[in-house]
Amino acid sequence: MTTNKLNVYISTCDSNIFIVKYFQYFFNKYWSKDINVKILGFTPPDFKLESNFEFISMGKEQVGGANGWSNYLIDFFSSIKDEYFVFGLDDFMIARPVDIEVFETCLELLNENVGRIDLQPSLQHARDKNHVKPYVEKNGIKFLSLIDSAPGNVNLYQNAAAFSIWNRKWFLKNIKRNWTPWGWETIGSMSFANGDGYKVIGSVDRWAIKKIECLSNQWPGMINVRAIRQEDIEQMEKLKHENDRIKKFEPLLNDAWFYNVLGGWEIEIFGK
């Protein structure tokens, strides 16, 4: 299986559609212009999409707001034939070159018992060490898996919006109607994915994707550019439009909650 065999699906909404022009710049620079990227939204963008990008409208508007988020994804992913696909969000900027060898190795590990392969450092750096275990070493790359189930009210976050390769059947098994993204990651993980026999795996010390999250209600009014290279910030400035909902580029400060949670592994991932 080669890199251009999987479609990449990116979820967006009308209020965030402006961020997609930055997303496609980073994607094509640091991954590939030969991979099909399908933007799942509502109102088409007012800027040009690159030749490998396609906009798919899931409806005239997102009825129910965030509470209706899952309805559109259920309907869409129930209608396609992809056995596996890559899924992510519109504000995920791929800030460094994709490690193609790691990605290709992830493809080799796909089987009917794997529900999701996290392409980011998540399992190594964003999970309790008691919640992961060694999985396999392949092509010199080590992989972890989440433990099979969590006791009580502990959430392993089997469902997560991190850039991942998904088994479509498992994706649909764990998502229900009238859920917000938060409901998908919490209720979907704890009540549907927990202990169901599917594996969630991710690589160690090398990761296919190193990305920045640019938008959040936790830092309103700004686009986070922390760890983004200066040359890329300059290109973002050129792409910026006066009608964009947010036009301010600013790096999050060291004391921001987001980076306190990271616990100091930012330099390990992105370098100085």
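Everything that follows concerns the structure shown earlier in this document.
Just so it is clear, the structure is predicted and the values come from calculations on it, not from any experiment.

A. Examining the overall build of the protein more closely. Scanning the protein for helices and strands turns up nine helices and 13 strands. Its C-alpha atoms give the protein a radius of gyration of 18 Å, near enough to 19 Å, the size a compact globule of 272 residues would have. Along the first, second and third principal axes, the C-alpha atoms of the protein reach 50 × 45 × 35 Å. Counting all 272 residues of the protein, 56% fall into the buried class. Counting every atom, the protein has about 12900 Å² of accessible surface; 48% of that belongs to carbon and sulfur. Across the protein, the 32 positively charged side chains and the 34 negatively charged ones have centroids separated by 2 Å.

B. Molecular detail of the pattern of salt bridges. Scanning the entire structure with this criterion turns up 15 salt bridges. Residues Arg 177 and Asp 75 are paired through a salt bridge, measuring 2.5 Å at the closest nitrogen-oxygen approach. With Arg 177 in the loop between helix 5 (168-173) and helix 6 (181-193) and Asp 75 in helix 2 (residues 69-79), this pair connects stretches of sequence that are 102 residues apart. Taking the relative accessible area as the measure of exposure, Asp 75 reaches 42% and is therefore partly exposed. Because the salt bridges share partners, they merge into one network encompassing Lys 29, Glu 231 and Asp 232.

C. Looking closely at the side chain of Ser 11. With respect to the helices and strands, the residue Ser 11 is situated in strand 1 (residues 8-11). Residue Ser 11 is classed as buried on the basis of its relative accessible area, which comes to 7%. With sequence-adjacent residues up to four places away left out, Ser 11 is seen in contact with Leu 40, Trp 69, Leu 73, Phe 87, Gly 88, Leu 89 and Asp 90.

D. Geometry of unusual backbone geometry. Backbone geometry at Tyr 157 places phi at a positive 55°, although glycine is not the residue there. Despite not being glycine, Asn 178 shows a phi value in the positive range, around 65°. Assignment of secondary structure puts Asn 178 in the loop between helix 5 and helix 6. For Asn 178, a relative accessible area of 55% puts it in the exposed group.

E. Structural context of the side chain of Asn 16. Among the secondary structure elements, Asn 16 is positioned in the loop between strand 1 and helix 1 (20-30). Looking at Asn 16, the relative accessible area reads 15%, which means it is buried. With residues near it in sequence (within four places) discarded, Asn 16 still touches Asp 90, Leu 215 and Arg 245.

F. Expanded view of the nonpolar core. Of all hydrophobic cores here, the largest spans 57 residues; its most connected members are Phe 27, Trp 31, Phe 103, Leu 119, Phe 163, Ile 165 and Ile 223. Counting residues per element, this core draws most heavily on helix 1, at seven residues. In this structure Ile 165 touches Leu 6, Tyr 84, Phe 85, Val 86, Phe 103, Cys 106, Leu 107, Leu 110, Gly 115, Arg 116, Ile 117 and Leu 119, once residues within four positions along its chain are discounted. Core analysis: the next-biggest nonpolar cluster, separate from the first, contains 31 residues, Phe 42, Phe 77, Ala 150 and Leu 156 among them.

Here is what the cut-offs are and how they apply
Residues numbered from 1 in each chain as written. Predicted model: local features only at pLDDT ≥ 70, side-chain atom pairs only at ≥ 80, totals over all residues. Heavy atoms only, no water. Helix = DSSP H or I, 4+ residues; strand = E, 2+ residues; numbered from the N terminus. Rg over C-alpha atoms; globule rule 2.2 N^0.38 Å. Buried < 20%, exposed > 50% of the residue type's maximum accessible area, 1.4 Å probe, protein only. Areas by Shrake-Rupley, 256 points an atom, 1.4 Å probe, with all protein chains shown as cover. Lys, Arg positive; Asp, Glu negative; His and termini not counted. Charge placed at Lys NZ, Arg CZ, Asp CG, Glu CD. Salt bridge = Lys/Arg side-chain N within 4 Å of Asp/Glu carboxyl O. Contact = heavy atoms within 4.5 Å. Core = buried A, V, L, I, M, F, W, Y, C linked by side-chain atoms within 4.5 Å.

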